[in-house]
Amino acid sequence: MNYYLGLDIGSSSIKAALVETESGKSLGVVQEPKEEMGMYAQKNGWAEQSPNDWWQHICTAIKRLKKDYNVSRTQIKGIGISYQMHGLVLIDKAGYPLRKSIIWCDSRAVEIGNKAFDDIGSDKCSTQLLNSPANFTASKLKWVKDNEPDIYKSIYKFMLPGDYIAYKFSNTINTTISGLSEGIFWDFKNNSVADFLLEYYGFDRKLVPDIVETFGIQSLVDEKGEAESGLAAGTSIYYRAGDQPNNALSLNVFNPGEVAATGGTSGVVYAVTDSLSVKESARVNNFAHVNYKKGDDARIGKLLCINGAGIQYRWLLNNLAVSSYEEMNNLASEIPVGSDGICLIPFGNGAKRMLNNKEIGTRIVNMNLNNHHKSHMCRAALEGIAFSFVYGMEIMKSDGIKPSVMRAGNDNLFRSEIFANTVATLIEQDIEIYNTTGAIGAARAATLHKGDFEAFGKVIMDNDYVMTYMPFKDKKPYLHAYNNWKKELELVLNK
């Protein structure tokens, strides 16, 4: 039996998966380290990690997979890589990291990106970058240029986290259009590296890695990569993408109208479109999707982050007299749609672009201390989070998305019938649930160098499909409850 290896490089852990090359069936997944990875934060708002820590955990994970499942190095026929987006890795001519990686949640470059947006102009940023430069990779590189000039002078290439891991396997430096677009280095109008942004920030074009296709032989494991990783020299790296585009791929989301949703600590809605038109560049991120092609048949992934999701429900689990999410879901099911008037605004873990960065916190509105109890709180929390997804979908629709289906992983929120039924009914679309992970998706993506997307989708359906939530015919009670919630939210936003 032969296998593909999938790696998912997160900021909390590395996950590694093996899937059978023919069937796509998952053999197993391991996580390294077993406890959460640390972050370095020299100042408030900073977040850094050592790129070589990622590499060491990957090598350990590969060793565990081979041992646990009795797989030899020669049975692993290809590699797919998913990675935390928007990070910055800098290497010198010898290939050594010049500093720790400035990762996705580091906010030191916010003002740099905002100034660039004002100076370059919103129209040019929206039509050519499809985004504000904001706090993305390019702005982080500008921070290094301004604040660490000695390091900047020694840079041979900048990389995204997945680029660095591919380099460690192969001693080959390259990146993808999708990767450059997430760093805000890609000019969609001219289908080239955004030279005007490089010029504005004062970057030398030589710092940009060579570009390879997202699917295809990107590089080969070399002898040093074999010695350190335990994979055979000559093994192909076939695929690389940021975690959100990869999550969409893992759910078979490639075509206009298809939407991937994640209900984790934060919520994410990621929708595919073939339009380069952008109206919501301040609230929605726009990147080249994994199947992006130059020309008229573009595939753009629109990403909206909902910063009040699983963390809200977890807070209730930790602070109500309840023992499990299952108990909370059962309590919530005792209460009718609309939670008897209670509204919960679930944005208590900071502002996000969806709300134009307004800090509004979590709010409980219309609670009656004589009539309402913890069952109402559980229902109001699920509805409030569901309503925030629906509000996000309204923003997506205003930006040109015409949803046809939503696909989601089988995580905590989408296991709740109340949550999933509420979203499905209000957006009037099916929600298909799949039991998969980013590492499994990345492993399966290694087969897409053959170009057979139909067979790829069949593998996901055959192995991962769980169920479909369909919209209820009677939408009125849900719409009434949503409009009440939306009114309360907008009262806060308009203060």
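Let me begin by describing the structure that accompanies this report. (Residues numbered from 1 in each chain as written. Predicted model: local features only at pLDDT ≥ 70, side-chain atom pairs only at ≥ 80, totals over all residues. Heavy atoms only, no water.)

### Things to note about the overall build of the protein
At step 1: Scanning the protein for helices and strands turns up 17 helices and 23 strands.
At step 2: Residues classed as buried in the protein amount to 59% of the 495 residues present.
At step 3: In the protein, 74% of the contacts between residues at least 6 apart in sequence involve partners at least 24 apart.
At step 4: Accessible area for the protein stands at about 20100 Å²; split by element, carbon and sulfur atoms hold 46% of it.
At step 5: Across the protein, 53 positive and 56 negative side-chain charges occur, with their mean positions spaced 2 Å apart. (Helix = DSSP H or I, 4+ residues; strand = E, 2+ residues; numbered from the N terminus. Buried < 20%, exposed > 50% of the residue type's maximum accessible area, 1.4 Å probe, protein only. Contact = heavy atoms within 4.5 Å. Areas by Shrake-Rupley, 256 points an atom, 1.4 Å probe, with all protein chains shown as cover. Lys, Arg positive; Asp, Glu negative; His and termini not counted. Charge placed at Lys NZ, Arg CZ, Asp CG, Glu CD.)

### Digging into the side chain of Lys-168
At step 1: Mapped onto the fold, Lys-168 is located in helix H6 (residues 161-170).
At step 2: The buried charged residue Lys-168 lacks any salt bridge, with Glu-228 as its nearest oppositely charged partner at 4.2 Å.
At step 3: Residue contacts for Lys-168: discarding those within four places in its chain leaves Asn-52, Trp-55, Lys-224, Gly-225 and Glu-228. (Salt bridge = Lys/Arg side-chain N within 4 Å of Asp/Glu carboxyl O.)

### As for the environment of Leu-344
At step 1: Within the secondary structure, Leu-344 sits in strand E19 (residues 343-347).
At step 2: In the structure, Leu-344 is positioned 293 residues away from Pro-51 in sequence and 40 Å away in space, judged by C-alpha atoms.
At step 3: Setting aside residues up to four positions removed in sequence, Leu-344 forms contacts with Gln-312, Thr-362, Arg-363, Ile-364, Met-377, Ala-380, Ala-381, Gly-384 and Trp-485.

### Let's talk about the sheet that holds strand E3 (residues 26-32)
At step 1: Reading across the sheet, the six strands line up as E3-E2-E1-E5-E14-E13 and stay open at both edges, with mixed pairing between neighbours. This sheet does not close on itself; its edge strands, each paired only once, are E3 and strand E13 (215-220). Between one strand axis and the next, the sheet turns by 25 degrees as a mean value, whatever way the strands run.
At step 2: Where E13 and strand E14 (residues 236-242) come together, three bridges link them in antiparallel fashion. (Pairing = 2+ DSSP bridges. Axes fitted to C-alpha atoms, helices over the stretch in contact; angles between N-to-C directions.)

### Digging into the pattern of salt bridges
At step 1: One pass over the full model with this rule turns up 20 salt bridges.
At step 2: A salt bridge links Glu-48 to Arg-99, with the shortest nitrogen-to-oxygen separation between them at 3.2 Å. Separated by 51 residues along the polypeptide, Glu-48 in strand E4 (residues 48-49) and Arg-99 in the loop between strand E6 (89-91) and strand E7 (101-102) bring together distant segments of the chain. One exposure class covers both Glu-48 and Arg-99, and it is buried.
At step 3: With its nearest N and O atoms 2.8 Å apart, the salt bridge here joins Arg-240 to Asp-163. Highlighted residues: Arg-240 in strand E14 and Asp-163 in helix H6, separated in sequence by 77 residues.
At step 4: Within the structure, one salt-bridge network assembled from shared partners comprises Glu-48, Arg-99, Asp-106, Arg-108 and Glu-148.

### Thoughts on the packing of aromatic side chains
At step 1: Using the criterion set out here, one finds 24 aromatic pairs in the structure.
At step 2: On the basis of an interplanar angle of 80 degrees and a centroid distance of 6.2 Å, the ring pair of Tyr-4 and Tyr-238 is categorised as edge-to-face. On the criterion of sequence distance, the pair formed by Tyr-4 in strand E1 (residues 3-9) and Tyr-238 in strand E14 is long-range, its members being 234 residues apart.
At step 3: For Tyr-238, a relative accessible area of 11% translates into the label buried.
At step 4: With a centroid separation of 5.3 Å and an interplanar angle of 80 degrees, the aromatic rings of Trp-46 and Trp-143 are classed as edge-to-face. Placement of the pair is Trp-46 in the loop between E3 and E4 and Trp-143 in helix H4 (residues 137-147), with a sequence separation of 97 residues. (Phe/Tyr/Trp six-rings, centres within 6.5 Å; stacked < 30°, edge-to-face > 60°.)

### Some details on a nonpolar patch on the surface
At step 1: There is a patch of nonpolar side chains on the surface, built from Met-461, Tyr-465, Val-466 and Met-467 and spanning about 320 Å² of accessible area.
At step 2: Looking at the nonpolar patch element by element, the count peaks at three residues for strand E23 (residues 465-469).
At step 3: Looking at where Val-466 falls in the secondary structure, it is placed in strand E23.
At step 4: The class for Val-466 is partly exposed, based on a relative accessible area of 39%. (Patch = residues over 30% accessible without salt bridge, like charges linked within 9 Å, V, L, I, M, F, W, Y side chains within 5 Å.)

### What to know about the layout of surface pockets
At step 1: Here the second largest pocket defines a volume of roughly 320 Å³.
At step 2: Forming the walls of the second largest pocket are 18 residues, and the residues nearest its centre are Glu-213, Val-290, Asn-291, Tyr-292 and Lys-293.
At step 3: Along the lines of polarity and charge, the residues of the lining of the second largest pocket split into eight nonpolar, five polar and five charged. (1 Å grid on protein atoms, 1.4 Å probe; cavity = no way out; pocket = protein on both sides within 12 Å on 5 of 7 lines; lining within 4 Å. Points joined across faces, edges and corners; volume = space filled by probe spheres on them. Nonpolar A, V, L, I, M, F, W, Y, C, P; charged D, E, K, R; others polar.)

### Considerations on the nonpolar core
At step 1: Counting residues in each nonpolar core, the largest one holds 63 residues, and the members touching the most others are Leu-141, Phe-158, Phe-185, Tyr-239, Leu-249 and Tyr-292.
At step 2: Tyr-239 has contacts with Ile-79, Gly-80, Ile-81, Thr-214, Phe-215, Gly-216, Gln-218, Asn-246, Leu-249, Val-290, Ala-442 and Ala-445, leaving out every residue within four places of it along the chain.
At step 3: Membership of the second largest hydrophobic core comes to 60 residues, among which are Leu-426, Tyr-478, Trp-485 and Leu-493. (Core = buried A, V, L, I, M, F, W, Y, C linked by side-chain atoms within 4.5 Å.)

### Things to note about the packing of helix H13 (residues 374-398) against helix H14 (residues 417-427)
At step 1: Direction vectors running N to C along H13 and H14 enclose 30 degrees, while the axes themselves pass 9 Å from each other. By the criterion of interaxial angle, the relationship of H13 to H14 is roughly parallel. Note that H13 runs across H14; the crossing there is right-handed. Between H13, through Arg-379, Leu-382, Ile-385, Ala-386, Phe-387, Phe-389, Val-390, Met-393 and Lys-397, and H14, the contact on the second element is made entirely by Ile-418, Phe-419, Thr-422, Val-423, Leu-426 and Ile-427.
At step 2: For the contact of H13 with H14, the residue count by class is twelve nonpolar, one polar and two charged. (Parallel < 35°, antiparallel > 145°, perpendicular 65-115°, else oblique. Left-handed = near helix turned anticlockwise from the far one by under 90°.)

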